[in-house]
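Commentary on secondary and tertiary structure
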Amino acid sequence: MNKHKDVITTAITNYDIHDIARASITYDVSKYFVIHNIPAQRELAATIMEHWKSGFGSTYNPDRKDAFTGVELVNSIAVAVRTIEELEGVKPIVATTDARTYDNTISYARMREHLENEGRPVLVLFGTGYGMTKETMESFDYILEPIYGHGEYNHLSVRSAVSIILDRLRGEAWWNK
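Residues numbered from 1 in each chain as written. Predicted model: local features only at pLDDT ≥ 70, side-chain atom pairs only at ≥ 80, totals over all residues. Heavy atoms only, no water.

1. Quick word on the UniProt feature "domain: tRNA (guanine-N(1)-)-methyltransferase C-terminal" (unreviewed entry) in the protein chain
Our working definition: UniProt positions are given in the numbering used here, feature names are shortened, and annotations may be inferred rather than shown by experiment. Put simply, DSSP marks the helices as runs of H or I at least four residues long and the strands as runs of E at least two long, and each gets a number from the N terminus on.
In the numbering used here, UniProt assigns the "domain: tRNA (guanine-N(1)-)-methyltransferase C-terminal" (unreviewed entry) feature to residues 1-170. End C-alpha atoms of residues 1-170 are separated by 29 Å, and the span's content is 46% helix alongside 13% strand.

What follows is the structure, given as structure tokens:
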């Protein structure tokens, strides 16, 4: 949705794809899906990804090439879910993020506990713009609690939110030190 709550489709950005790929490999995410339903946007994403996988970017900075080893481009959430199910042998729990809370909001501590102790894979979805439609949100198993900063402002870029959330779910348990 946009800020007026109109249903829209947001655009892919180079920085989001690249930075999320780097965060994903840092936190040992098995698969990072870039999901977009518009063919022209998938073509743009494929061009960006190829730059880092086999184009000039792959030789200029090989570390960044490594970040794209687990990245897959698909056209829908359903395809991502099916891919995980084929790879893992079980349907994943599907969670997403939002700056609002819902009846099925789950804490980071509880989701982290699940990831560390249960065998079922989790697909965490991130969006851009002003969130996904209510109908889409209601189709997910869980909504991760919002990220609250110290101030009133609450509208992070997707790549910032991904990094914070991956650290909360998969990062070092610094509070136990």
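2. Quick word on the packing of helix H1 (residues 14-26) against helix H2 (residues 39-53)
What counts here: Orientation is described by axes fitted as lines to C-alpha atoms, over the contacting stretch for helices, and by angles from 0 to 180 degrees between their N-to-C directions. Relative orientations are named as follows: roughly parallel for angles under 35 degrees, roughly antiparallel for angles over 145 degrees, roughly perpendicular for angles from 65 to 115 degrees, and oblique for any other angle. Working rule for handedness: look at the near helix, and if it is turned counterclockwise from the far one by less than a right angle, call the crossing left-handed; if clockwise, right-handed. Throughout, a residue-residue contact means that at least one pair of heavy atoms, one from each residue, lies within 4.5 Å. Think of it as three bins: nonpolar holds Ala, Val, Leu, Ile, Met, Phe, Trp, Tyr, Cys and Pro, charged holds Asp, Glu, Lys and Arg, and polar takes everything else, Gly as well.
Interhelical geometry of H1 versus H2 gives an angle of 50° and a closest axis separation of 10 Å. In terms of orientation, H1 lies oblique with respect to H2. Here the hand of the crossing between H1 and H2 comes out right-handed. Taking contact as the criterion, the partners of Asn-14, Ile-17 and His-18 in H1 are, on H2, Ala-45, Ile-48, Met-49 and Trp-52. The residue inventory of the contact of H1 with H2, partitioned by class, reads 5 nonpolar, 2 polar and no charged.

3. Looking at the pattern of salt bridges
Put simply, the rule is: Salt bridge, as applied in this entry: a Lys or Arg side-chain nitrogen positioned within 4 Å of an Asp or Glu carboxyl oxygen. The cut-offs for exposure are 20% and 50% of the maximum accessible area for each residue type, with area from a 1.4 Å probe on protein chains only; residues under the lower value are buried, those over the upper are exposed, and the others partly exposed.
Per the counting criterion, the structure on display carries 11 salt bridges. Note that Asp-98 is salt-bridged to Arg-100, the shortest N-O span being 2.9 Å. Taking the relative accessible area as the measure of exposure, Asp-98 reaches 11% and is therefore buried. You can call Arg-100 partly exposed: its relative accessible area is 33%.

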